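Given next are the chains, with one letter for each unit.
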Amino acid sequence: MENLTHTADHVLEDYTNADLSAQEKQKLGREISAALAALTCLIAGLIYKLLFPEQTAVVGLIYTVGVLIEAVPLFITAIRGFLQKDMVNAMEILVSIAVLACYITGQHTLAILIPVILSVVHFLEERSIMGGRDAIEGLKSMQASTAQLETPEGEKTVPAATLKQGDVVVVHPGMCLPIDGTVLRGSSNIDQSSLTGESLPVGVTQGDLVYAGTTNLDGVLRIRVDKTYQDTSFQKIVHLLEQAQSISLPEMRIVDRFMHYYIPFVLTTAALTALLTRDISNSIAVLVVSCPCGHMLVSSAPMIAALAASTRRGILIKNSKFVEQLTQVSTVIFDKTGTITRGELSVSRFSLQEAGQEQELLSAAACVAGGSLHPISRAVMRQMGDLPAETGWETRELPGKGISGRKDGSEILFGTRAWIEELGFCPDPVEDTGGSANWVVRDGRVLGCIQFNDTVRPEAEQAVQQLRELGLRHSVLLTGDRAQAAESIRAQVGIDEAYSQLLPQEKLERVRALRTRERVLAVGDGINDALALAEADVGIAMGAMGSDVAIQSADIALMNNDLRNIPYVISLAQTTKTIMYQNIVIAFSVSLFMILLSAVGLIPALAGAFLHNLGAFIILINSARILKEDQGPKKDGPDRHPPHQEPQTPA
């Protein structure tokens, strides 16, 4: 028996590759050991019967030991399921009856082989399912378990779990990041595909945030620990994924209800078969082929495949609303800033007054904006791109007004209309585009006005159109911004309605009002929109990596900012639900067909032990289509801004 246990452990080690929990490994190890021991008894009985054919009692005893090794755990589980009316153990109940029938009728060999074959096939089924879990299980091993701690004596390797906030760790090229932190020194490219699904690396330098579970590609980084090992965003994601593996579709309760009638139906069919055919072997075959292995995979196999597919794209699904309600939503609500837009200003329009050309206006503004961190100043410098700007200007910022700069007796003013008029200048009127507008004055000449708007994500219009094609017939934009800005964004993207100047509580009330007549999907950044996301039928948080609020408030969290992942996840939910219902039809059709063939004697019991799993394998293959099909648009890479954009002319 010790050798059998060793063999089972060896097989289990090759099979699991550490993907199973300790409890699952122990259970599977017991099943393999029992199967090997039962087969040993079967072989010993056959050899003894061949050598001593007259000693039938000894042969029967050997066979009985083999039957008991496999059957006792089976009987215990079956009795427990029968008393508790637990339909999860329907297979054990039917197989136990089949084994008893075989043993009583003297078919000892069959009594051993049936549970052994079922264990082997169960082993293969579990391995097939594990293939769908690889994407999720592989994610769990991506956070480094050790770290290079910087100490006065140099670098020291320590367990990542012992790191404290404020510690400094050194991450060399090729190493995984063990914690969430801030880059103190160094610059590098970080592969964040494990969390965001983005294939292109992200450049980081001093002051940037980095996250556990990502990989440093080239430079050496010194990182301050901001969160302990257990509190990293990565660990929270892994924990939620572990919980999400158990989610299922409530409509699949039809399977559970059917199973309450299925066992009496099978037992009645087996009894009638024995009565009409007067062949107990046909009845045993009916019991064996009726084992509902496929029924147990109807919803679990598609859900595991869907979780794996979504995880690869950086989509974190937290609960059963993914299928239950996401396929029923008819209205989508978008936040504006940080969701439909990037949340940062860009130059939208130039209005010339005394400047000869737009570049003169832009260059003058850049002279004083270069040393400012104000969002408007940063937008000016992004618009300049690689073009050189004059340096050496002595600048002074006036909060709420603008920036003044002096150099060699020359003066530049860059600020609001009210400030420019206050200084005695007369700027021309310009069309209100809904954003900010700043005037440029150089040496007493009003050169003109530069207007700024929040940048709409380039994929936003495409995403809204795809949602409309998927059945979300009503779209709404909610924002705290001004009405003009909201209307401009609504028109650009193709959203049906826009509501502006809303506080978070007012957004919540708007969501509640829409929910009284429609199923609502809310999309936001998960921070200012936490109330709305939690209130909606389904909440999706954008760019949730590193945001605990976003991960906790939404039902689905997108680790990146690609709006195309929203129609993707809806399409994925629709496909998953369709496959679940296909699996119901497959499972029951195959079972009924196999029962019919067994009742008329076309399938013997031994063959039935193999063939009853036909439905389960068809279901696994059908569910695997979720991993192969692309239900959404291909991503072109991270949400990045181009290094330079040509100045835009007035419409």
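Please read these numbers as outputs of a predicted model, since none were measured by experiment.

Cut-offs and rules
- Residues numbered from 1 in each chain as written.
- Predicted model: local features only at pLDDT ≥ 70, side-chain atom pairs only at ≥ 80, totals over all residues.
- Heavy atoms only, no water.
- Helix = DSSP H or I, 4+ residues; strand = E, 2+ residues; numbered from the N terminus.
- Buried < 20%, exposed > 50% of the residue type's maximum accessible area, 1.4 Å probe, protein only.
- Contact = heavy atoms within 4.5 Å.
- Areas by Shrake-Rupley, 256 points an atom, 1.4 Å probe, with all protein chains shown as cover.
- Salt bridge = Lys/Arg side-chain N within 4 Å of Asp/Glu carboxyl O.
- Arc of directions from axis to C-beta.
- Pairing = 2+ DSSP bridges.
- Axes fitted to C-alpha atoms, helices over the stretch in contact; angles between N-to-C directions.
- pLDDT = per-residue confidence, 0-100.
- Patch = residues over 30% accessible without salt bridge, like charges linked within 9 Å, V, L, I, M, F, W, Y side chains within 5 Å.
- Phe/Tyr/Trp six-rings, centres within 6.5 Å; stacked < 30°, edge-to-face > 60°.
- Lys NZ or Arg CZ within 6 Å of the ring centre and 35° of its normal.
- Polar contact = N/O pair within 3.5 Å; in protein donor to acceptor, adjacent residues only side chain to side chain.
- Parallel < 35°, antiparallel > 145°, perpendicular 65-115°, else oblique.
- Left-handed = near helix turned anticlockwise from the far one by under 90°.
- Nonpolar A, V, L, I, M, F, W, Y, C, P; charged D, E, K, R; others polar.

**Q** With reference to specific residues and values, describe the overall build of the chain.
**A** Looking only at helices and strands, the chain has 23 helices and 22 strands in total. Taken across its 651 residues, the chain has 51% of its residues classed as buried. Once local pairs closer than 6 in sequence are excluded, the contacts in the chain between residues at least 24 apart make up 69%. A total accessible area of about 29400 Å² is found for the chain, and carbon and sulfur atoms account for 56% of it.

**Q** Can you lay out unusual backbone geometry for me, pointing to particular residues and giving the numbers?
**A** We note that Arg278 has phi near 55°; this positive angle belongs to a residue other than glycine. Positionally, Arg278 belongs in the loop between helix H8 (253–277) and helix H9 (280–289). When its relative accessible area of 75% is taken as the criterion, Arg278 is described as exposed. Its identity as a non-glycine residue notwithstanding, Asp408 has a phi of 50°, on the positive side.

**Q** Give a description of the pattern of salt bridges that names residues and reports values.
**A** For the structure shown, the criterion picks out 19 salt bridges. Between Glu360 and Arg445 there is a salt bridge whose closest N-O contact spans 3.7 Å. A residue pair is termed long-range when its members are at least 10 positions apart, and Glu360 in helix H13 (residues 358–369) and Arg445 in strand E17 (residues 445–456) qualify at 85 residues. What emerges from the salt-bridge pattern is a single network uniting Arg512, Arg515, Glu535 and Asp537.

**Q** Please give an account of helix H14 (residues 375–384) that cites residues and values.
**A** Buried residues of H14: Ile376, Ser377, Ala379, Val380, Gln383 and Met384, and no others. Each buried residue of H14 sits inside an arc of 160° when the element is viewed along its axis, so together they form one side. In the core, the buried residues of H14 are packed alongside strand E12 (341–352), H13, strand E14 (402–407), strand E15 (410–415), strand E16 (436–442) and E17. A positive backbone phi angle near 60° is found at Gly385, which sits one or two residues after H14.

**Q** Talk me through the sheet that holds E12; I want residue IDs and the actual numbers.
**A** With antiparallel pairing, the 6 strands of this open sheet are ordered in space as E12-E17-E16-E15-E14-E13. Lying at the two open borders of the sheet, with one neighbouring strand each, are E12 and strand E13 (394–398). Direction aside, the axes of adjacent strands within the sheet are offset by 20° on average. Of the pairings in the sheet, the one linking E12 to E17 comprises 8 bridges and is antiparallel in character. Paired with Leu345 across the two strands is Asp454, which belongs to E17. Of the strands in this sheet, E12, E13, E14, E15, E16 and E17 are in contact with H13, which crosses E17 at around 80°.

**Q** Let's hear about the confidence of the model for the chain: which residues, and what values?
**A** In this model, the chain carries a mean pLDDT of 79, and residues with pLDDT of at least 70 account for 78%. Every residue in residues 128–132 is under pLDDT 50, and counting partners more than four places away or in other chains gives 11 contacts. Counting interchain partners and residues more than four positions distant, the pLDDT-below-50 stretch residues 631–651 has 60 contacts.

**Q** Outline a nonpolar patch on the surface, listing residues and values.
**A** A cluster of nonpolar side chains, namely Ile43, Ile47, Leu50, Leu51 and Phe52, defines an oily patch on the protein surface of about 520 Å² accessible area. By relative accessible area, Ile47 is classed as partly exposed at 46%.

**Q** Would you mind going over the packing of aromatic side chains in detail, with residue names and values included?
**A** Aromatic ring pairs: the centre-centre distance and the angle between the two ring planes describe each pair. Taken as a whole and judged by the stated rule, the model has 1 aromatic pair. Its guanidinium or amino end placed over the ring of Tyr568, Arg313 lies 3.9 Å from that ring's centre, counting from NZ or CZ. Over the ring of Tyr499 we find Arg510; its NZ or CZ atom is 3.9 Å from the centre of that ring.

**Q** An account of the environment of Asp180 is requested, with residue identities and associated values reported.
**A** Along the chain, the position of Asp180 falls in the loop between strand E3 (168–171) and strand E4 (181–185). For Asp180, a relative accessible area of 4% puts it in the buried group. The spacing of Asp180 and Gly213 is 33 residues in sequence and 8.9 Å in space, taken between C-alpha atoms. Each residue touching Asp180, except ones within four places of it in the same chain, is listed here: Val210, Tyr211, Ala212, Arg224, Val225, Asp226, Lys227, Thr232 and Ser233. A polar atom in the side chain of Asp180 sits 2.9 Å from the backbone nitrogen of Ala212.

**Q** Quick rundown of the side chain of Ser330? Include the residues and the values.
**A** Take Ser330: it is sitting in the loop between helix H11 (321–324) and strand E11 (331–335). Assessed through its relative accessible area of 8%, Ser330 is described here as buried. The contact partners of Ser330, leaving out residues within four places of it in the chain, are Gly471, Leu472, Arg473, His474, Glu518 and Arg519.

**Q** How would you explain the pairing of strand E20 (residues 520–524) if you had to name every residue and give the values?
**A** Burial analysis of E20 places 5 of its 5 residues in the buried class, which makes it a mostly covered element. Alternating positions in E20 separate into two faces, Val520, Ala522 and Gly524 on one and Leu521 and Val523 on the other, with burial throughout. In terms of strand pairing, E11 meets E20 through 4 bridges, oriented parallel. Across the sheet, residue Val332 finds its bridge partner in E20, namely Leu521. Pairing of E20 with strand E21 (residues 538–541), which is carried by 4 bridges, proceeds in the parallel orientation. Looking at E21, one finds that Gly524 is bridged to Ala541.

**Q** Mind laying out the packing of helix H10 (residues 300–312) against helix H23 (residues 614–628), listing which residues take part and the relevant values?
**A** The N-to-C vectors of H10 and H23 enclose an angle of 15°; their axes lie 8 Å apart at closest approach. As far as their axial angle goes, H23 and H10 are roughly parallel. Crossing of H10 against H23: the hand is right-handed. On the side of H10, the interface is formed by Ala301, Pro302, Ala305, Ala306, Ala308, Ala309 and Arg312, while H23 contributes Leu620, Ser623, Ile626 and Leu627. Class assignment for the residues of the contact of H10 with H23 results in 9 nonpolar, 1 polar and 1 charged.

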